[in-house]
Amino acid sequence: MMLCSRISRRLPQVASTKRCLVTVVDDFQENLKQMNLFSAINDAMNIALSNDKTAIVFGEDVAFGGVFRCSQNLKDRFGPDRVFNTPLSENGIAGFAVGYAAMGGTAIGEIQFADYIFPALDQIVNEMAKFRYRSGDQWNCGGVTLRVPCGAVGHGGHYHSQSPEAYLAHTPGIVVVMPRGPKSAKGLLLSSIRSKDPVIFLEPKALYRAAVEEVPVHDYEIALGQAEVIRQGSDVTVVGWGGQLRVLEAACNVAQDELGIESELIDLQTILPWDVETVERSVRKTGKLVVSHEAPITCGFGAEVVAAIQERCFLSLEAPIQRVCGYDTPFPLVFEKYYVPDQLKNLEAIKYVMDFAK
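My aim in this report is to walk through the structure given alongside it, one point at a time. (Residues numbered from 1 in each chain as written. Predicted model: local features only at pLDDT ≥ 70, side-chain atom pairs only at ≥ 80, totals over all residues. Heavy atoms only, no water.)

Scanning the chain from terminus to terminus reveals 14 helices and 14 strands. Over its C-alpha atoms the chain spans a radius of gyration of 20 Å, differing by no more than 12% from the 21 Å that the globule rule assigns to 358 residues. Across its three principal axes, the chain shows a C-alpha extent of roughly 70 × 45 × 45 Å. Taking all 358 residues of the chain together, the buried fraction comes to 54%. Considering only intrachain contacts with a sequence separation of at least 6, the fraction spanning at least 24 residues in the chain is 83%. As displayed, the chain offers around 15700 Å² of accessible surface, 54% of which is attributable to carbon and sulfur atoms. One finds the centroid of the 34 positive side-chain charges in the chain at a distance of 6 Å from the centroid of its 42 negative side-chain charges. (Helix = DSSP H or I, 4+ residues; strand = E, 2+ residues; numbered from the N terminus. Rg over C-alpha atoms; globule rule 2.2 N^0.38 Å. Buried < 20%, exposed > 50% of the residue type's maximum accessible area, 1.4 Å probe, protein only. Contact = heavy atoms within 4.5 Å. Areas by Shrake-Rupley, 256 points an atom, 1.4 Å probe, with all protein chains shown as cover. Lys, Arg positive; Asp, Glu negative; His and termini not counted. Charge placed at Lys NZ, Arg CZ, Asp CG, Glu CD.)

Okay, helix α12 (residues 301-313) next. Helical geometry: 3.6 residues make up each α-helical turn, so side chains three or four residues apart lie on a common side. Its 13 residues place the ends of α12 18 Å apart at the C-alpha level, agreeing with the 18 Å of an ideal helix rising 1.5 Å per residue. Packing partners of the buried residues in α12 comprise α7 (165-169), β12 (270-272), α11 (276-286), β13 (289-296) and β14 (322-326). (Expected span 1.5 Å × (residues − 1).)

Another point: the environment of Val 217. Positionally, Val 217 belongs in the loop between β8 (212-216) and β9 (228-231). Judged by its relative accessible area of 38%, Val 217 falls in the partly exposed class. Each C-alpha atom, one on Val 217 and one on His 170, is 35 Å from the other, the two residues being 47 residues apart in sequence. What Val 217 contacts, discounting residues up to four positions off in sequence, is Asn 31, Leu 32, Lys 33, Asp 43, Ile 47 and Lys 186.

Another aspect to go through is the nonpolar core. Formed by 50 residues in total, the largest nonpolar core has its most connected members in Ile 124, Met 128, Leu 146, Ile 174, Ile 200, Leu 268 and Ile 309. Setting aside its immediate chain neighbours within four residues, Ile 309 contacts Val 276, Val 279, Glu 280, Val 283, Leu 289, Phe 314 and Ile 321. Listed in part, the 35 residues of the second largest apolar core include Val 57, Val 62, Phe 113 and Ile 222. (Core = buried A, V, L, I, M, F, W, Y, C linked by side-chain atoms within 4.5 Å.)

Applying the stated criterion across every chain, the model contains 14 aromatic pairs. Relative to Phe 84, the ring of Phe 58 lies with its centre 6.0 Å away and its plane at 15 degrees, an arrangement referred to as stacked. Here Phe 84 lies in strand β3 (residues 83-85) and Phe 58 lies in strand β2 (residues 55-59), a separation of 26 residues in the sequence. The pair Phe 58 / Phe 84 is uniform in exposure class, with both members buried. Pairing Trp 274 with Phe 301 gives two aromatic rings, centres 6.1 Å apart and planes at 90 degrees, and the pair type is edge-to-face. Taken together, the positions of Trp 274 in the loop between β12 and α11 and Phe 301 in helix α12 put the pair 27 residues apart, joining distant regions of the chain. No difference in accessibility class separates Trp 274 from Phe 301, as the two residues are buried. (Phe/Tyr/Trp six-rings, centres within 6.5 Å; stacked < 30°, edge-to-face > 60°.)

Let us look at helix α14 (residues 343-356). The first and last C-alpha atoms of α14 sit 20 Å apart over 14 residues, in line with the 20 Å expected at 1.5 Å per residue. Buried residues in α14 make contact with β10 (236-240), α10 (244-259), β11 (263-267), β13 and β14.

Below, the discussion takes up the sheet that holds β11. Two pairing modes exist for strands in a sheet, parallel and antiparallel, and in both the strands are linked by backbone hydrogen bonds. Strands sit in the order β9-β11-β10-β13-β14 across an open sheet of five strands; the sheet is mixed. Edge positions in the sheet fall to β9 and β14, since each has one partner strand and no second. When strand polarity is set aside, the average angle formed by the axes of neighbouring strands in this sheet is 25 degrees. The pairing of β9 with β11 spans three bridges and is classified as antiparallel. What sits directly across from Val 229, in β11, is Ile 266. Sitting on the sheet, α10 is in contact with β9, β10, β11 and β13, with an inclination near 175 degrees to β11. Docked against the sheet, α12 engages β13 and β14, running at close to 155 degrees with respect to β13. (Pairing = 2+ DSSP bridges. Axes fitted to C-alpha atoms, helices over the stretch in contact; angles between N-to-C directions.)

Right under this line is the structure:
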């Protein structure tokens, strides 16, 4: 009852104003700050809480900053009514988010590890994703954003290493996002929080401290549903998302330096809906495609990319499309270095499609 009364004071009398979309540009060089991934995410939530008085942050341990420190100092600044811990219940976190957003609030929930999102799938799949549709647009819970740390971290083993984007992408009605670094994370998270659709925001936890970039300090957004071509090339198209982009960029660098292969590297950024047109344009130019992700290969999201591009670009393809992914096993602990689709595996795939096309 105390929680309900606290939250009721945060609900809006009118819908909160959505800010206009601002694409990240390089016109703010004087307003850049070096940030790692977790500090960029913290900065985005700080801006969201400052600009939207209905916005709240909640989840397991978020009041003291969370296990990855993404919400540190937010409770001190915005108070315990707006930044607070929840019980150890992922289904409860997702359900609470749906209810709060349905009343007009902005709900920023955290699922502490992606591996534990599965108890919340009932709320995500059967409530969050269908809330607007089943009511004929009379109700919606578009104010939900669930932040979810995911992926390999070097020592996570079975239950702290999984990447569930393919499970989630099979759910019409939600948006699934995964940034590759601090700059994209801040812009994509602000877009997600302000989106009119519920968003699952997957964060590659291995990058929380490892990825450091110059990030604009101002408020900006990166459009959802749009891929980014982060490296131009004419020989082969390479597609990935999230933390895998660092691996793919390294493979592309070696292919260029040692073999003279010009790879076009694309970051999907949004998994659902994904930007098939950008990938299609690239493959029509290069005639070759390599797709890579950490999740198991069978029914991984790479399979959807391959199927769609085969349908659209069949007569442009010069080599079989290659998928470089995790194996169809539980995520191993001591064998993680063999499991992950590393730089060498991706380099071999790039070489294969080039040799095949000769």
